[in-house]
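Each chain, written out:
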Amino acid sequence: MNSHENDTSETVRQAVRGDERPDLRSVHVREDVARSGRCGNVHLATGRICILPERHQGSCNFVGPEDAGGLTP
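All residue numbers refer to positions counted from 1 along the written sequence of the respective chain. Residues qualify for local features only when their pLDDT is at least 70, as the model is predicted, and side-chain atom pairs are given and counted only at 80 or more; totals for whole chains, interfaces and linings, by contrast, use all residues. Derived side-chain values reflect all non-hydrogen atoms in the structure, with water molecules and hydrogen atoms excluded from consideration.

## Structural notes on the overall build of the chain
Next, step 1: For the purposes of this entry, the term helix denotes a DSSP run of H or I that reaches at least four residues, the term strand denotes a run of E that reaches at least two, and both are numbered from the N terminus. When you go through the chain residue by residue, the secondary structure sums to three helices and three strands.
Next, step 2: In sequence order, the chain lays out its α and β elements as α-α-β-β-β-α.
Next, step 3: Each residue gets one of three labels from its accessible area relative to the maximum for its type: buried under 20%, exposed over 50%, partly exposed in between, using a 1.4 Å probe on protein chains only. Buried positions account for 21% of the 73 residues belonging to the chain.
Next, step 4: Accessible surface, the chain as shown: approximately 5,300 Å² in total, 49% of it carbon and sulfur. Computed with the Shrake-Rupley method and a 1.4 Å probe, the accessible areas treat only the protein chains shown as cover for residues.

## As for the nonpolar core
Next, step 1: Membership of the largest hydrophobic core is limited to five residues, which are Val33, Val42, Ile49, Val63 and Ala68.
Next, step 2: The contact criterion used is simple: two residues touch if any of their non-hydrogen atoms lie within 4.5 Å. Apart from residues lying up to four places away in sequence, Ile49 is in contact with Arg30, Val33, Gly40, Asn41, Val42, Asn61, Phe62, Val63, Pro65 and Ala68. To form a nonpolar core, buried Ala, Val, Leu, Ile, Met, Phe, Trp, Tyr and Cys residues must be joined to one another through side-chain atoms within 4.5 Å.

## Re the sheet that holds strand E1 (residues 42-43)
Next, step 1: A pair of strands counts as paired when DSSP detects no fewer than two bridges linking them. What the three strands build is an open sheet, ordered E1-E2-E3; its pairing is antiparallel. A strand with exactly one partner marks an edge of an open sheet, and here the two such strands are E1 and strand E3 (62-63).
Next, step 2: With two bridges joining them, strand E2 (residues 48-50) and E3 adopt antiparallel strand pairing. Following the sheet pairing, Ile49 is matched in E3 by Val63.

In structure tokens, the structure reads:
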């Protein structure tokens, strides 16, 4: 039996909308930053957030959470 066959998580069951980034449902992406068109990846050890454009090339540029706040879509 495959593990995904008995998964009861609502997150797994919910379909991702066609215009929504699939990574928004991940714990390592800050949703409000990602919805503004930024990367939004969170460095879990420090809580810092990448504010480079979505799908940027190369390494993330992490800034403090206070610096990532206030980004608008």
